[in-house]
Amino acid sequence: MRVLFVCLGNICRSPTAEGVLRHQLTEAGLADVIEVASAGTGDWHVGKQPDSRTRRAAQLRGYDLSSQRAQQVRVEHFNEYDLILAMDKSNLANLQSLRPGHATAELDLFLRRYDGAIDEVPDPYYGGEQGFEQVLDLIEAACRGLVVELKGRL
Ligand code: 4NP
C-alpha cells in the first residue's frame with residue numbers, strides 16, 4: 001500500500017501528515033508494509049525542508065520532519081500510489097485536473113474521508129502559531145481513522 005498526501009506547497013500540511021502517519025504506522029507495526037509520501041501541487045519550495053514553524057510544532061509533539069524534502073505532484077504519482085489524499089478542496093480540484101485517464105490511485109479529500117466535522121485542513125502558511133497546532137490536531141485525528149482503514153485493507 002502506498003499513500004500520498006498533497007497540499008499546495010508541500011512544506012506545511014502534507015509533510016505534517018506524512019510524519020504523523022508514519023509515526024502512527026510505526027506504533028501499529030505497519031511501517032514496513034505501508035509507504036507514505038507527500039507532495040505539493042505548486043513548485044515554489046521543491047527541494048526544501050518543511051517550513052521551520054511546521055518542523056518546530058511537529059517536533060514538540062514528537063514528530064521529526066527534518067529529513068523530508070518538498071516535491072511537486074507528477075502524473076506518474078497517479079499510478080505509483082494507491083491513495084492520494086488532498087488537504088483542501090482547491091488541492092483536490094488541482095489533482096482532479098492533473099489526473100490522467102489511466103490513473104489507478106484513489107483520490108479523496110483527507111478530512112472528509114476520516115473526520116467529518118471539518119472537511120479541509122486550513123492553510124497555516126500566512127497565519128500564526130495556532131494554525132500549526134490546528135493542523136496537527138486535525139491531522140492526528142484523521143490519521144487514526146486512516147490507520148484503521150489501512151489495517152482493514154491489508
Ligand atoms: P502548504 O502551505 O500547502 O500546507 O505547504 C503553503 C506553503 C507555501 C505557500 C502556500 C501554502 N506559498 O504560497 O508559498
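In this text, all values refer to a predicted model and were calculated from it rather than measured experimentally.

Draft legend 1. The site of the ligand, seen in detail. Taken together, C7, L8, G9, N10, I11, C12, R13, H45, D123, Y125 and Y126 make up the full set of residues near the ligand. For the ligand, an oxygen atom lies 2.8 Å from a polar atom in the backbone of G9. A distance of 3.4 Å separates an oxygen atom of the ligand from a polar side-chain atom of Y126. Computed on the free molecule, the ligand has an accessible area of 360 Å², of which 92% lies beneath the protein chains in the complex. Here the residues of the shell around the ligand sort into six nonpolar, three polar and two charged.

Draft legend 2. Focus on the packing of aromatic side chains. Per the counting criterion, the structure on display carries three aromatic pairs. For the pair F5 and F110, a centre-to-centre distance of 5.1 Å together with 70° between the ring planes defines the contact as edge-to-face. Highlighted residues: F5 in strand β1 (residues 2-7) and F110 in helix α5 (residues 110-114), separated in sequence by 105 residues. Of the two residues examined, F5 and F110, each falls in the buried class. Seen from their ring centres, F110 and Y114 are 5.9 Å apart, and the 65° between their planes marks the pair as edge-to-face.

Draft legend 3. Just the packing of helix α1 (residues 13-27) against helix α6 (residues 129-153), in detail. At a closest axis distance of 9 Å, the pairing of α1 and α6 adopts a crossing angle of 45°. Overall, the two elements α1 and α6 adopt an arrangement that is oblique. Crossing geometry of α1 relative to α6 is assigned as right-handed. Residues R13, T16, A17, V20, L21, Q24 and L25 of α1 form the contact with α6, whose own contacting residues are V135, L136, I139, E140, C143, R144, L146, V147 and L150.

Draft legend 4. Inspection of the nonpolar core at higher detail. With 34 residues, the main nonpolar core has F5, L21, F110, I139 and L146 as its most contacted residues. Mapped onto this core, the elements with two or more residues apiece are β1, α1, α2 (52-60), β3 (83-86), α5 and α6. For this core, the element with the most residues is α6, which contributes ten residues. Counting residues in hydrophobic clusters, the runner-up holds 15 residues, among them L92, A105, L107 and L109.

Draft legend 5. Main features of the sheet that holds strand β4 (residues 106-109). The four strands are arranged β2-β1-β3-β4 in an open sheet whose pairing can be described as parallel. What marks the edges here is a single partner per strand, and that holds for β2 (35-40) and β4. On average, each strand axis in the sheet is inclined to that of its neighbour by 20°, with strand direction left out of account. Across four bridges, β3 lies against β4 in parallel orientation. Note that in β4 the partner of L85 across the bridge is D108. The strands touched by helix α4 (residues 89-98) are β1, β3 and β4; relative to β4, the strand with the most contacts, the crossing angle is about 160°.

So, how was this worked out
Residues numbered from 1 in each chain as written. Predicted model: local features only at pLDDT ≥ 70, side-chain atom pairs only at ≥ 80, totals over all residues. Heavy atoms only, no water. Near = heavy atom within 4 Å. Polar contact = N/O pair within 3.5 Å; in protein donor to acceptor, adjacent residues only side chain to side chain. Areas by Shrake-Rupley, 256 points an atom, 1.4 Å probe, with all protein chains shown as cover. Nonpolar A, V, L, I, M, F, W, Y, C, P; charged D, E, K, R; others polar. Phe/Tyr/Trp six-rings, centres within 6.5 Å; stacked < 30°, edge-to-face > 60°. Helix = DSSP H or I, 4+ residues; strand = E, 2+ residues; numbered from the N terminus. Buried < 20%, exposed > 50% of the residue type's maximum accessible area, 1.4 Å probe, protein only. Axes fitted to C-alpha atoms, helices over the stretch in contact; angles between N-to-C directions. Parallel < 35°, antiparallel > 145°, perpendicular 65-115°, else oblique. Left-handed = near helix turned anticlockwise from the far one by under 90°. Contact = heavy atoms within 4.5 Å. Core = buried A, V, L, I, M, F, W, Y, C linked by side-chain atoms within 4.5 Å. Pairing = 2+ DSSP bridges.

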